[in-house]
Amino acid sequence: MKEFGNTAHKPPVAVVDGDSTHRDALAGALAAFYDVVGYGDSIQALEDMASQPPDVVILDEWVPPDGGLKLLQTFRGIDTLAAIPVICTSAETGVEFFPSARGMGVSITLNKPIKFSQLLSSISAQVNRAAEKEWDKIEPVQQSALKKTITIFNTIPDLIDAGKPLPYGEVKDSCEPLVAAVTSNQYKDLLRNVRGHDNYSYVHSLRVATFLSLFGNTIGIEGGDLMVLSTGGLVHDIGKMSIPCGVLNKPGKLEGSEWDVMKSHVNVTIHCLEDSPDIPKGVITIASQHHEKLDGSGYPKGLSGTDLNDLARMATIVDIFGALTDRRCYKDPVPPEKALAIMLDMKDALDRELLMLFREMLLDAATDAD
Ligand SMILES: [Fe+2]
Ligand SMILES: [Fe+2]
C-alpha cells in the first residue's frame, strides 16, 4: 500500500562554507527540514557532490582553498552538477562574488547575517522548482491536476492577507483534472509525484483532495457532489496559512496557547470561504467539520453523532489518514497500514462503517495494476 503513504526522504541540501561556526549553525537549523551535509572545503564538497548531487547547494564566498566562485565554476563544468540550484551567501557585500555568480545562473544571493525564514523560503522555492519539473514526465491528466492545483494554491496566502474571497470558480477548474484522474483510475502517479514537493500544506491538501475524491467515487458519488469533495479537500486547511511557522512546524507537543492558535485555522478557513461567491455548502461543511469527531471530542464545536453528516464523517477520516501518512519536518510518515490500524483503534470517534469502506478502498486500490 506504499503508494498511499509519503515515503519521500527529506530533500538533500549541502552547505559549503569555510566558516565552521556559521556552517554548523546553518546545518543545525536546517536539519529539521532537510537532509543537510556541511563542507568546509571545496575538495571534499566536490568529490561527494559529483557522485551524489544534492537538491540545493548553499555556497559561501569563502571556501578554502580557492573560494566559492572557483567552486561554482567547477560545478558548472561537471555534468551531474551543471544545473544544480545554488544559493550564494557572503559575509562581505558580495560585490564581486554575487554578480559573477548570477552570470553563472545563480538566482538567489544572500548577505550574512542570513534571515533564516528567507533562506528557508529560498531553498523551498528551489526544491519545488525541481519537483514541479518532474511533473512534466507524467500523464497529461495527472500533470494538469498537479499544475493547476499548485497554481491556485500559491495565490491563496495573498488572498488571505488582502482579506479577499477565494475565487471558487478557479478552485473548481483546478480540481477538474484531479476528478478526471480519479474517475479514470489514473491518480497514482499524481500521489507519487506530489511527495517531492516542499510545501507541506499543499502536499497535505492535494492528498486529502485526492483521497476524498477517490472515497466519493468508490461509494458512488458523482458529478457536482464529487467536485465538492475534491475542492473541499483542496481548501479544507487554507486557514493554516495564517498560522506562524513556529507553531505549525513545532516538533513535539503544542502548549495550551499554541494549541489554541493551531485550532484557530478552522475558523480562519471558514471566514475565507464564507465570503466566496458560489461556494457550495458541502465545501464549508468539509472545512468546518474535518476536526470534529463522532464522540464529541473534536473541535472547534465539539459536535457529535447526528450533528455530523456523511460528508463531515468522510472528511474527518480522510484528514486523519492524510495527516498520519504525511511527512512533516518534525515526524516521519506513518505507513498506511499502521495509520489504518491507529484509526480503527479510535473506537467511537470515527464512523466505523465509513472507515471500513475507506480501508477496503485503499486495499483494493493497492492491489490494482496501474
Ligand atoms: Fe485542519
Ligand atoms: Fe487537514
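Every value quoted in this text rests on a predicted model; they were computed, and no experiment measured them. (Residues numbered from 1 in each chain as written. Chains lettered and ligands numbered in written order. Predicted model: local features only at pLDDT ≥ 70, side-chain atom pairs only at ≥ 80, totals over all residues. Heavy atoms only, no water.)

Considering unusual backbone geometry
Piece 1. Between Pro 64 and the following residue, Pro 65, the backbone shows a cis peptide bond with an omega angle of 5 degrees.
Piece 2. Within the secondary structure, Pro 65 is located in the loop between strand 3 (56-60) and helix 3 (68-76).
Piece 3. Put simply, Lys 112 and Pro 113 share a cis peptide bond, and its omega is 0 degrees.
Piece 4. Within the fold, Pro 113 resides in the loop between strand 5 (108-111) and helix 5 (116-134).
Piece 5. One non-glycine residue with positive phi stands out, namely Asn 185, at about 55 degrees. (Helix = DSSP H or I, 4+ residues; strand = E, 2+ residues; numbered from the N terminus.)

Brief notes about the coordination of the iron ion (ligand 1)
Piece 1. Bound to the iron ion (ligand 1) on the protein side are Asp 237 (OD), His 265 (NE2), His 290 (NE2) and His 291 (NE2), at distances that span 2.1 to 2.2 Å.
Piece 2. Relative to the metal, the four donor atoms surrounding the iron ion (ligand 1) lie at angles of 85 to 174 degrees, and the coordination shape comes out irregular.
Piece 3. Sequence spacing of the donor residues for the iron ion (ligand 1), all on one chain, is D-x27-H-x24-H-H.
Piece 4. Separating the iron ion (ligand 1) from the iron ion (ligand 2) is a distance of 3.6 Å, and Asp 237 supplies a donor atom to each of them. Here His 290 lies in the loop between helix 14 (281-289) and helix 15 (310-325) and His 265 lies in helix 13 (residues 265-274), a separation of 25 residues in the sequence. (Donors = N, O, S within 2.8 Å, 3.2 Å for Na, K, Ca; no water. Tetrahedral: all angles 85-135°; square planar, octahedral: opposite > 155°, others 65-115°.)

Some thoughts on the domain arrangement of the protein
One frequent convention defines the size of an interface as the accessible area lost when the parts assemble.
Piece 1. Split into domains, the protein comes out as domain 1 (2-127) and domain 2 (138-367).
Piece 2. The C-alpha centroid of domain 2 is placed 34 Å from the C-alpha centroid of domain 1.
Piece 3. Roughly 1,600 Å² of surface becomes buried between domain 1 and domain 2 when both sides are summed, with 53% attributable to carbon and sulfur atoms.
Piece 4. Taken as a group, Glu 3, Phe 4 and Asn 6 account for 53% of the area that domain 1 buries against domain 2, more than any other trio of residues on that side.
Piece 5. Summed over the shared surface of domain 1 and domain 2, the number is zero salt bridges. (Domains from an automatic or database assignment. Buried area = accessible area lost by both parts, 1.4 Å probe. Salt bridge = Lys/Arg side-chain N within 4 Å of Asp/Glu carboxyl O.)

Section: the side chain of Arg 23
Piece 1. With respect to the secondary-structure elements, Arg 23 resides in helix 1 (residues 20-30).
Piece 2. Although Arg 23 lies buried, it forms no salt bridge, and the closest oppositely charged side chain, Asp 24, sits 4.1 Å away as judged by the N-O distance.
Piece 3. Among residues more than four places away in sequence, those in contact with Arg 23 are Val 15, Asp 17, Gly 18, Gly 38, Tyr 39 and Gly 40. (Buried < 20%, exposed > 50% of the residue type's maximum accessible area, 1.4 Å probe, protein only. Lys, Arg positive; Asp, Glu negative; His and termini not counted. Contact = heavy atoms within 4.5 Å.)

Quick word on the environment of Val 334
Piece 1. As for its placement among the helices and strands, Val 334 is situated in the loop between helix 15 and helix 16 (336-344).
Piece 2. With relative accessibility at 17%, the residue Val 334 sits in the buried group.
Piece 3. Between the C-alpha atoms of Val 334 and Ala 130, which are 204 residues apart in sequence, the distance is 25 Å.
Piece 4. Apart from residues no more than four positions distant in its own chain, Val 334 is found in contact with Leu 324, Thr 325, Ala 339 and Ile 342.

Overview of the nonpolar core
Piece 1. Formed by 68 residues in total, the largest nonpolar core has its most connected members in Phe 4, Leu 273, Phe 321, Phe 358 and Leu 362.
Piece 2. Considering every element that reaches this core, the biggest residue donor is helix 9 (residues 200-218), with nine residues.
Piece 3. Once you skip the residues sitting within four places of it in the chain, Leu 273 turns out to touch Leu 166, Val 235, Ile 238, Ile 279, Val 283, Ile 284 and Ala 287. (Core = buried A, V, L, I, M, F, W, Y, C linked by side-chain atoms within 4.5 Å.)

Concerning the coordination of the iron ion (ligand 2)
Piece 1. Only His 204 (NE2), His 236 (NE2), Asp 237 (OD) and Asp 319 (OD) from the protein coordinate the iron ion (ligand 2), and they sit 2.0 to 2.2 Å from it.
Piece 2. Considering all four donor atoms around the iron ion (ligand 2), angles at the metal cover 86 to 172 degrees and the coordination shape is irregular.
Piece 3. Positions of the donor residues of the iron ion (ligand 2) along the chain correspond to the pattern H-x31-H-D-x81-D.

Concerning the pairing of strand 4 (residues 86-90)
Piece 1. Taken across its five residues, strand 4 has five buried, putting it largely inside the fold.
Piece 2. A two-sided burial pattern is seen for strand 4, the buried positions comprising Val 86, Cys 88 and Ser 90 on one face and Ile 87 and Thr 89 on the other.
Piece 3. Direction of pairing for strand 3 relative to strand 4: parallel, over a ladder of four bridges. Looking at the pairing, Ile 58 lines up with Ile 87 of strand 4. (Pairing = 2+ DSSP bridges.)

Section: the packing of aromatic side chains
Piece 1. By the definition in use, this model includes nine aromatic pairs.
Piece 2. Considering the side-chain rings of Phe 33 and Tyr 34, the 6.5 Å spacing of their centres and the 40 degrees angle between planes classify their relative orientation as tilted.
Piece 3. Classification of Tyr 34 by relative accessible area gives buried; the value is 3%.
Piece 4. Relative to Phe 358, the ring of Phe 321 has its centre 5.3 Å away and its plane inclined at 80 degrees; by these criteria the two rings are edge-to-face. Here Phe 358 lies in helix 17 (residues 352-367) and Phe 321 lies in helix 15, a separation of 37 residues in the sequence.
Piece 5. Using a relative accessible area of 0% as the deciding quantity, one classes Phe 321 as buried. (Phe/Tyr/Trp six-rings, centres within 6.5 Å; stacked < 30°, edge-to-face > 60°.)

Section: helix 3
Piece 1. Regarding helix 3, the residues found buried are Gly 68, Leu 71, Leu 72 and Phe 75. Buried residues of helix 3, seen end-on, are gathered within an arc of 100 degrees and therefore sit on one face of the element.
Piece 2. Its buried side turned inward, helix 3 meets strand 1 (12-16), helix 2 (42-51), strand 3, strand 4 and helix 4 (97-103). (Arc of directions from axis to C-beta.)

Some words on the sheet that holds strand 2 (residues 35-39)
Piece 1. Reading across from one edge, 2-1-3-4-5 is the order of the five strands in this open sheet, with parallel pairing throughout. Looking at strand neighbours, the two that pair on one side only are strand 2 and strand 5, the edges of this open sheet. Across the sheet, the mean angle from the axis of one strand to that of its neighbour is 20 degrees, orientation sign disregarded.
Piece 2. With four bridges connecting them, strand 4 and strand 5 associate as parallel partners. Within the sheet, the bridge partner assigned to Ile 87 lies in strand 5 and is Ile 108.
Piece 3. Packed on one face of the sheet, helix 1 meets strand 1, strand 2 and strand 3 and runs near 175 degrees to strand 2. (Axes fitted to C-alpha atoms, helices over the stretch in contact; angles between N-to-C directions.)

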